[in-house]
Amino acid sequence: QQQVKQSPQSLIVQKGGISIINCAYENTAFDYFPWYQQFPGKGPALLIAIRPDVSEKKEGRFTISFNKSAKQFSLHIMDSQPGDSATYFCAAEAGSYQLTFGKGTKLSVIP
Amino acid sequence: EAGVAQSPRYKIIEKRQSVAFWCNPISGHATLYWYQQILGQGPKLLIQFQNNGVVDDSQLPKDRFSAERLKGVDSTLKIQPAKLEDSAVYLCASSLAPAGGSNEQFFGPGTRLTVL
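A quick note: this is a predicted structure, and the numbers were derived from the prediction, not measured.

A.B. asks: Got a sec to walk through the sheet that holds strand β1 (residues 5-7) of chain B? Specific residues and values, please.
C.D. replies: All names here are of chain B. Pairing in this open sheet of four strands is antiparallel, and the strands run β1-β3-β8-β7 from one edge to the other. Both outer strands of the open sheet, β1 and β7 (65-68), are each paired with one neighbouring strand and no more. Across this sheet, the average inter-strand angle for adjacent strands is 15°, counted without regard to direction. Where strand β3 (residues 19-24) and strand β8 (residues 75-79) come together, five bridges link them in antiparallel fashion. Following the sheet pairing, A20 is matched in β8 by K78.

A.B. asks: Summarise the sheet that holds strand β8 (residues 72-77) of chain A; cite the residues concerned and give the values.
C.D. replies: Residue and element names in this part refer to chain A. Taken together, five strands build an open sheet; the order of strands is β1-β3-β8-β7-β6 and the sheet is antiparallel. A single partner strand is all that each edge strand has here, and the edge strands are β1 (4-7) and β6 (56-59). For this sheet, the mean angle separating the axes of adjacent strands, direction not counted, is 15°. Judged from the four bridges that link them, β1 and strand β3 (residues 19-25) form a sheet pairing that is antiparallel. Across the sheet, Q6 pairs through a bridge with C23, a residue of β3.

What counts, and where the lines are drawn
Residues numbered from 1 in each chain as written. Chains lettered and ligands numbered in written order. Predicted model: local features only at pLDDT ≥ 70, side-chain atom pairs only at ≥ 80, totals over all residues. Heavy atoms only, no water. Pairing = 2+ DSSP bridges. Helix = DSSP H or I, 4+ residues; strand = E, 2+ residues; numbered from the N terminus. Axes fitted to C-alpha atoms, helices over the stretch in contact; angles between N-to-C directions.

What follows is the structure in structure tokens.
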């Protein structure tokens, strides 16, 4: 049973554009929502995370938007750069320090 | 700060053979995780340790997979016998949790297993 649904599966964005990746969840016990970035041959690395008491969190060019009532959250990458080309995973945690990951979005930023 | 170390980085075996993976977490991290990442999917948790005790192994196929964390530091994950569907990247991660107030997990580079 997939508890975190992520879309799109792949995304191509031009340099300078905005990349948007969406995730939806069903388990209302989730209380921590991180995004991980993974480059080929590397393990995932934490990019940014949010808790459901806020609707938005911004760190540099990366913003998480969170909609608790809709049980959805999204990652926005502003001014996308070729170096942002990677696979992005949303995840969710229900207080047990265990992450449930989405299937990932492969982002390609073309010059 | 040194990251999570894993070895080997690549392993090719034939089905029904056995294989073992090793992980050295970040110093001081109490919690250690093993994940299976099949191509094109997100990591799936196999087992979670806190110090040298198992917190959750509900998704570990115990008929063929085993894991241990001796002395609450290094960990090994073993598959015996391997099946074709075990071909995946095996990721180890560690975390300060439950201490430190942080949920961040730090991942190693993974071991890519190919079962022929």
